[in-house]
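Architecture and fold: a report
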Amino acid sequence: MSDKLNIDCCSQPSGLLSVEAARQRILEPINPVTENETLELRHALGRTLAEAVTSSLDVPSYKNSAMDGYALHSRDLPNSGSANLQLIGTSLAGHPYDGSIEPGSAIRIMTGAAVPDDYDTVIMQEQVERSDEIITISSDHCAGENVRYPGEDIKSGDIAGDIGLTIRPAELGLLASLGISDVSVKRRPKVVFFSTGDELREAGDKLEAGQIYDSNRYTLYGMLNKLDVEMEDLGIIPDQPEAIERAFREAGERADIVITSGGVSVGDADYVKQTLEQFGSIDFWKIAMKPGKPLAFGALGKSVFFGLPGNPVSTMATFYQFVIPAIRKLKGETAEKIWTLKVPCHSKLNKRPGRTDFQRGVLQSSADGSLSVHTTGLQGSHVLSSMSKANCFIVLPAESGNIEAGSMVEVQPFESML
Ligand code: AMP
Ligand code: MG
């Protein structure tokens, strides 16, 4: 797969592939799923629009009041002093005033209620003196105040949502405001995942000597869940050729993306490699990043294959940097999701030049609203509690060495990625 791409100029002098070059290589062969489905609006939350949505109406659809108060015509506003106007009726939300309108008149009106054609101004009730059916208004008002016009939000014929738009809570409301009850969205990509390793046991089982609990299938489940994909968990696959072969075959048949963890470090890479090469085209990359150096990427049948490193923080870091953009592309999303911030770092950070570090940090704001970050402490790729304490990656460029406290660093807030 990699020989189709000519981006080796981005490789590091060390022979390691840069994070950016790896991301490009991963995204290049991925195409959005082509199948669409029509869903009832609420069920489309988290999905991607497959067809553009054009508004068939103006929102708001009629001239209405932005305030509780009194509607009138601006020609009756006094230039100086005050003016008295005769109240002739009421317009409530859902119950428009339908009487005739005389010069020198006003009506009581509530927020969202229709402003009659012959009026153009609403005065807030707090700015009006009322005595029975007469109101007194001062000269400090402008023609047109507190009136919302049809189409101020969206005009009939406007594109309210383009292909590739992710449907978030605001989009659900926006589409509902257009009266749309069903939408055409991309189908969910299917992700099949499993863990490899003879030492792994399922949470709830008893541990024998030399065994650990599998945590990667849980972090993967959590991250995939937030990406709104269809998931299938094939469990823990032991380090046996036949078992791995069976799992790869099964996964490759029904997934858009297959994700495994473990078995890609130097010790067992050859072994997994052999199995994989029978079924697909897989590259084993050494990426200039920490944590997460080894990564297998390629194709398994019709699916995209990611073999993530087994150390729990490496699994999460490579998932954030590579799998998330891949899934977003597969979902057909067009929005750029990851944003980075430059903030002062209050901790001294140890770093050796050569690889991009994704250290775990806590981004916080102080009373004056300024942001800063500090380290979560021990940074080993086995220290999963560092991810749990963190709310961001502190991204230290490959060439950088140690970071002194007070230096500016780049952070990627987790919330901006998932
Ligand atoms: P590997 O990539 O298989 O050599 O694994 C690297 C390290 O990650 C080893 O310490 C493994 O025990 C650990 N590891 C691999 N898979 C998992 C998993 N699913 N959950 C927790 N730790 C794992
Ligand atoms: Mg292993």
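See the structure above.
Quick caveat: nothing in here was measured; it's all calculated off a predicted structure.

Here we look at the overall build of the protein chain
Each helix and strand in the protein chain was counted, giving seven helices and 26 strands. The dimensions of the protein chain, computed from C-alpha atoms along their principal axes, are 90 × 50 × 50 Å. Sorting the 418 residues of the protein chain into buried and exposed places 49% on the buried side. Residue pairs in contact within the protein chain that sit at least 24 positions apart in sequence constitute 72% of those at least 6 positions apart. Accessible surface for the protein chain amounts to roughly 20000 Å². Of this, 49% is attributable to carbon and sulfur atoms. Both charge centroids of the protein chain, one from 39 positive and one from 56 negative side chains, sit 9 Å from each other.

Looking at helix α2 (residues 169-177)
Listed in full, the buried residues belonging to α2 are E171, L172 and L175. Buried residues of α2, seen end-on, are gathered within an arc of 105 degrees and therefore sit on one face of the element. Exposed residues pointing more than 90 degrees away from the buried face of α2 are listed as P169 and A170. On its buried side, α2 packs onto β2 (53-54) and β12 (182-186). Of the residues flanking the end of α2, it is G179, one or two places downstream, whose phi is positive at about 80 degrees.

Let's talk about the site of ligand 1
In the vicinity of ligand 1 lie 16 residues, with E199, D214, S215, G263 and S265 positioned nearest. Between ligand 1 and G263 there is a distance of 2.7 Å, counted from an oxygen atom to a backbone nitrogen or oxygen. The backbone of G310 places a nitrogen or oxygen atom 3.3 Å from an oxygen atom of ligand 1. When isolated, ligand 1 has an accessible area of 490 Å², and the protein chains bury 79% of it.

Concerning the side chain of D228
Inspection of the secondary structure assignment puts D228 in the loop between α3 (216-226) and β16 (230-237). There is a polar contact of 2.9 Å between the side chain of D228 and the side chain of R188.

Notes on the packing of helix α1 (residues 19-27) against helix α6 (residues 312-330)
Running from N to C, α1 and α6 cross one another at 30 degrees; their axes reach a closest spacing of 10 Å. Taken as axis vectors, α1 and α6 run roughly parallel relative to one another. For the element pair α1 and α6, the recorded crossing hand is right-handed. Here α1 contributes V19, A22, R23, I26 and L27 to the contact with α6, which in turn contributes Q321, F322, P325, A326 and K329. Tallied by class, residues from the contact of α1 with α6 come to seven nonpolar, one polar and two charged.

A short note on the nonpolar core
Most often, soluble globular proteins keep nonpolar side chains buried together rather than apart. Core analysis: the largest hydrophobic core is formed by 43 residues, its most contacted members being I259, F306, F319 and Y320. At 11 residues, α6 tops the list of elements feeding residues into this core. The two domains that each donate at least three residues to this core are domain 1 (9-35 + 187-330) and domain 4 (341-416). Apart from the residues lying within four places of it in its own chain, the contact partners of Y320 are M223, P325, M387, F393, F414, M417 and L418. F194, I244, A251 and V264 belong to the second-largest nonpolar core, a separate cluster that totals 18 residues.

What counts and what doesn't
- Residues numbered from 1 in each chain as written.
- Chains lettered and ligands numbered in written order.
- Predicted model: local features only at pLDDT ≥ 70, side-chain atom pairs only at ≥ 80, totals over all residues.
- Heavy atoms only, no water.
- Helix = DSSP H or I, 4+ residues; strand = E, 2+ residues; numbered from the N terminus.
- Buried < 20%, exposed > 50% of the residue type's maximum accessible area, 1.4 Å probe, protein only.
- Contact = heavy atoms within 4.5 Å.
- Areas by Shrake-Rupley, 256 points an atom, 1.4 Å probe, with all protein chains shown as cover.
- Lys, Arg positive; Asp, Glu negative; His and termini not counted.
- Charge placed at Lys NZ, Arg CZ, Asp CG, Glu CD.
- Arc of directions from axis to C-beta.
- Near = heavy atom within 4 Å.
- Polar contact = N/O pair within 3.5 Å; in protein donor to acceptor, adjacent residues only side chain to side chain.
- Axes fitted to C-alpha atoms, helices over the stretch in contact; angles between N-to-C directions.
- Parallel < 35°, antiparallel > 145°, perpendicular 65-115°, else oblique.
- Left-handed = near helix turned anticlockwise from the far one by under 90°.
- Nonpolar A, V, L, I, M, F, W, Y, C, P; charged D, E, K, R; others polar.
- Core = buried A, V, L, I, M, F, W, Y, C linked by side-chain atoms within 4.5 Å.
- Domains from an automatic or database assignment.

Geometry only, nothing functional implied.
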